[in-house]
Amino acid sequence: MTSTYSLAVVAGDGIGPEVTDQALKVLDVVAADAGLTFDRTAYDLGARRWHATGETLPDSVLEEIRGHDAILLGAVGDPSVPSGVLERGLLLRLRFELDHYVNLRPSKLFPGVPTPLADPGEIDFVVVREGTEGPYVGNGGAIRVGTPHEVATEVSLNTAFGVERVVRDAFARAQARPRRKLTLVHKNNVLVHAGHLWSRTVEAVGAEFPDVTVDYLHVDAATIFLATDPSRFDVIVTDNLFGDILTDLAAAITGGIGLAASGNVNPDRSSPSMFEPVHGSAPDIAGQSKADPTAAILSAGLLLEHLGHAAEAQRITAAVEADIAARQGQPRSTQEVGEAIAERVAAEVPVA
Ligand SMILES: NC(=O)C1=CN([C@@H]2O[C@H](COP(=O)(O)OP(=O)(O)OC[C@H]3O[C@@H](n4cnc5c(N)ncnc54)[C@H](O)[C@@H]3O)[C@@H](O)[C@H]2O)C=CC1
Ligand SMILES: CC(C)CC(=O)C(=O)O
Ligand SMILES: [Mg+2]
């Protein structure tokens, strides 16, 4: 198995660099024990570069990044930059250009984690969010801007090809899990064109996975069940926008946004997959060492798993789980949390 990987690091804005530093610290410990090498290239992309050059993601940089084995991203977006410039021009461009059509967002309630739910039950599900289509493709426009007669559209794009490939991925993931259950979340009572495409696709692909139980929820009802009965979920497959919203809620019920990891996966491996926390750049706490780096650290674990190092990924999960169990609510800095998790990983017996 390959033991040297090239890793593109896009730390980004706000708390992005703070949490990414800690993720790299933990990754280095695991890598050293496992005999893995990550040749890292840091990319200066985000608000600073935009202010200095007007660039979000130059083509040449995109091509360089494309040549790596994987990408670790912090977060993107800054109040000094018009909303959408970096989110669309950098983050979404990476996801679209690198064909990250599976946005994988696991949610697990670790023992000892405070949750706002009185009776959470066992929470362990994964959201498979479509990553390259939906309302995020920029299929819209505006006329008569700034007038009382302004008209703005943002049309959701859903293709049979795009829906089928992500649904197929979600079924495969459901089949590999003990409960083998897949829930389609959409709004097919109102968004009938896109919704019916999703429903028909789930029905057709589902015929190839007879041992996976399938159900359906409208997205509004899904939010109810995430708050009242989250243990009913195993694999959720949904579109780009619904998945974005549902996974912030999923984070909130499983200990908070500081714990939620994600992978922007290209299952075909035709380009590098990108791993990042679910959260954003959190300008309200940036530069204060208050950010929880756990989500970034767990995202590095997802990166290891994607590269075929499941045992090493599990070492990170175990160290995080132990750290969370030991948290007594006392405030710790970003660096302290990262250091504590790195120490726990180092103290574990490495897998032979
Ligand atoms: N993947 C990405 O790069 C994303 C970027 N964004 C961008 O980030 C900027 C801020 O967006 P918001 O809507 O405020 O979402 P956000 O996720 O950055 O912050 C929401 C709330 O969660 C808190 N928070 C986030 N991460 C945390 C952490 N690791 N530890 C402790 N608290 C944490 C923040 O302090 C804030 O109160 C915007 O420019 C937005 O477009 C938002 C989401 C994802
Ligand atoms: C900033 C958005 C483009 C992304 C987002 O909120 C997310 O992927 O969770
Ligand atoms: Mg989001």
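Values in this document were obtained by computation on a predicted structure and should not be read as measured data. (Residues numbered from 1 in each chain as written. Chains lettered and ligands numbered in written order. Predicted model: local features only at pLDDT ≥ 70, side-chain atom pairs only at ≥ 80, totals over all residues.)

## Structural notes on the site of ligand 2
Convention followed: Each residue receives a C-beta atom built from its backbone; the residue is near a molecule or strand if that atom lies within 6 Å of it. Helix and strand assignments follow DSSP, with helices taken as H or I runs no shorter than four residues and strands as E runs no shorter than two, numbered in order from the N terminus. Gly falls in the polar group here, along with every residue not listed as nonpolar (Ala, Val, Leu, Ile, Met, Phe, Trp, Tyr, Cys, Pro) or charged (Asp, Glu, Lys, Arg).
Taken together, Glu 87, Leu 91, Leu 92, Asp 244 and Val 278 make up the full set of residues adjacent to ligand 2. A per-element tally of the shell around ligand 2 places helix H4 (residues 85-97) first, with three residues. Across the shell around ligand 2, the residue classes break down as three nonpolar, no polar and two charged.

## Describing unusual backbone geometry
For clarity, the cut-off: Residue burial here comes from a neighbour count, namely the number of other C-beta atoms, placed from the backbone, that lie within 10 Å of the residue's own C-beta, with 20 or more meaning buried, 12 or fewer meaning exposed, and in between meaning partly exposed.
A positive phi is found at Arg 144, a non-glycine position, where the angle reads about 50°. Relative to the helices and strands, Arg 144 is located in the loop between strand E6 (140-143) and strand E7 (151-154). Look at Arg 269: it is not a glycine, yet its phi comes out positive at around 60°. Within the secondary structure, Arg 269 is located in the loop between strand E11 (261-265) and strand E12 (273-277). Assessed through the 10 C-beta atoms surrounding it within 10 Å, Arg 269 is described here as exposed.

## Digging into the sheet that holds strand E3 (residues 70-75)
Under the convention used in this document: Here, a strand pair is defined by DSSP locating no fewer than two bridges between the strands. Axis definition: a line fitted to C-alpha atoms, limited for helices to the stretch in contact. Angles are taken between N-to-C directions and run from 0 to 180 degrees. Any two residues are considered in contact once their C-beta atoms, placed from the backbone, lie within 7 Å.
The mixed open sheet is built from 10 strands, whose spatial order is E2-E1-E3-E12-E11-E4-E5-E10-E8-E9. Each having just a single partner strand, strand E2 (37-42) and strand E9 (213-218) make up the two edges of the open sheet. Between one strand and the next, the sheet's axes are offset by a mean angle of 25°, whatever the strand orientation. Here strand E4 (residues 102-108) runs beside strand E5 (residues 124-130); their pairing, made up of seven bridges, is antiparallel. Paired with Lys 108 across the bridge in E5 is Asp 124. In this fold helix H8 (residues 240-253) packs onto E4, E5, strand E8 (181-186) and strand E10 (235-238), with an angle of close to 155° to the strand it touches most, E5.

## Some words on the packing of helix H5 (residues 160-175) against helix H6 (residues 192-206)
Here is the rule: Any angle between 65 and 115 degrees counts as roughly perpendicular, while under 35 counts as roughly parallel, over 145 as roughly antiparallel, and the rest as oblique. Here is the rule for handedness: rotate from the far helix to the near one, and if that takes an anticlockwise turn smaller than a right angle the crossing is left-handed, while a clockwise turn gives right-handed.
Interaxial distance between H5 and H6 falls to 9 Å at its minimum, and their mutual angle equals 45°. Viewed along their axes, H5 and H6 adopt a mutual orientation that is oblique. Once H5 is placed against H6, the crossing between them reads as right-handed. Contacts between H5 and H6 pair Ala 160, Val 163, Glu 164, Val 167, Arg 168 and Phe 171 from the former with Leu 197, Trp 198, Thr 201, Val 202, Val 205 and Gly 206 from the latter.

## Remarks on the UniProt feature "site: Important for catalysis" (unreviewed entry) in the protein
What counts is decided by this rule: UniProt positions are given in the numbering used here, feature names are shortened, and annotations may be inferred rather than shown by experiment.
In the numbering used here, UniProt assigns the feature "site: Important for catalysis" (unreviewed entry) to Tyr 136 and Lys 187. Looking at where Tyr 136 falls in the secondary structure, it is placed in the loop between E5 and E6. With 21 C-beta atoms counted inside 10 Å, the residue Tyr 136 sits in the buried group. Beyond its immediate chain neighbours, meaning those up to four positions away, Tyr 136 contacts Leu 92, Asn 240 and Leu 241.

## Considering the pairing of E11
Look at any regular strand and the pattern is simple: side chains alternate between the two faces of the sheet. Burial analysis of E11 places five of its five residues in the buried class, the great majority of the element. Neither face of E11 is open: one carries Ala 261, Gly 263 and Val 265, the other Ser 262 and Asn 264, and all of them are buried. Sheet topology note: the E4/E11 ladder contains three bridges and is antiparallel. Within E11, the position partnered with Asn 103 by the bridge is Asn 264. In the sheet, E11 pairs with E12 via four bridges, with the strands oriented antiparallel. Bridging across to E12, Gly 263 finds its partner in Phe 275.

## Considering the domain arrangement of the protein
The condition that has to hold: The domain boundaries here were taken from an automatic or database domain assignment.
Split by domain assignment, the protein resolves into domain 1 (1-113 + 257-352) and domain 2 (115-122 + 147-254). Domain 1 and domain 2 are separated by 24 Å when their C-alpha centres are compared. Contact residues are listed per partner, giving 13 residues for domain 1 and 13 residues for domain 2. Residues belonging to the side of domain 1 that touches domain 2 are distributed by class as follows: nine nonpolar, two polar and two charged.

## Topic: helix H11 (residues 334-347)
Our working rule: A helix's residues, less one, multiplied by 1.5 Å, set its expected span. In this description, the arc belongs to the directions extending from the helix axis to the C-beta atoms.
A rise of 1.5 Å per residue sets the reference length of H11, with its 14 residues, at 20 Å; its end C-alpha atoms lie 20 Å apart and thus fit the reference within 8%. Those residues of H11 that fall on the buried side of the exposure criterion are Thr 334, Val 337, Gly 338, Ile 341, Ala 342, Arg 344 and Val 345. Viewed along the axis of H11, the buried residues span an arc of 160°, placing them on a single side of the element. Check the buried side of H11 and you find it contacts helix H1 (16-34), helix H9 (294-306) and helix H10 (310-326).

## Structural notes on the environment of Val 237
One can find Val 237 in strand E10. Remark: the alpha-carbon pair of Val 237 and Asp 69, spanning 168 residues in sequence, is separated by 26 Å. Those residues in contact with Val 237 that sit more than four places away from it in its chain are Val 128, Val 166, Val 167, Ala 170, Leu 182 and Leu 184.

## Looking at the packing of H9 against H10
Across the interface, H9 lies against H10 with an axial gap of 7 Å and an inter-helix angle of 160°. Judged on the interaxial angle alone, H10 and H9 are roughly antiparallel. Between H9 and H10 lies a crossing whose hand is left-handed. Contact residues: Thr 294, Ile 297, Leu 298, Ala 300, Gly 301, Leu 302, Leu 304 and Glu 305 in H9; Ala 310, Glu 312, Ala 313, Ile 316, Thr 317 and Val 320 in H10.

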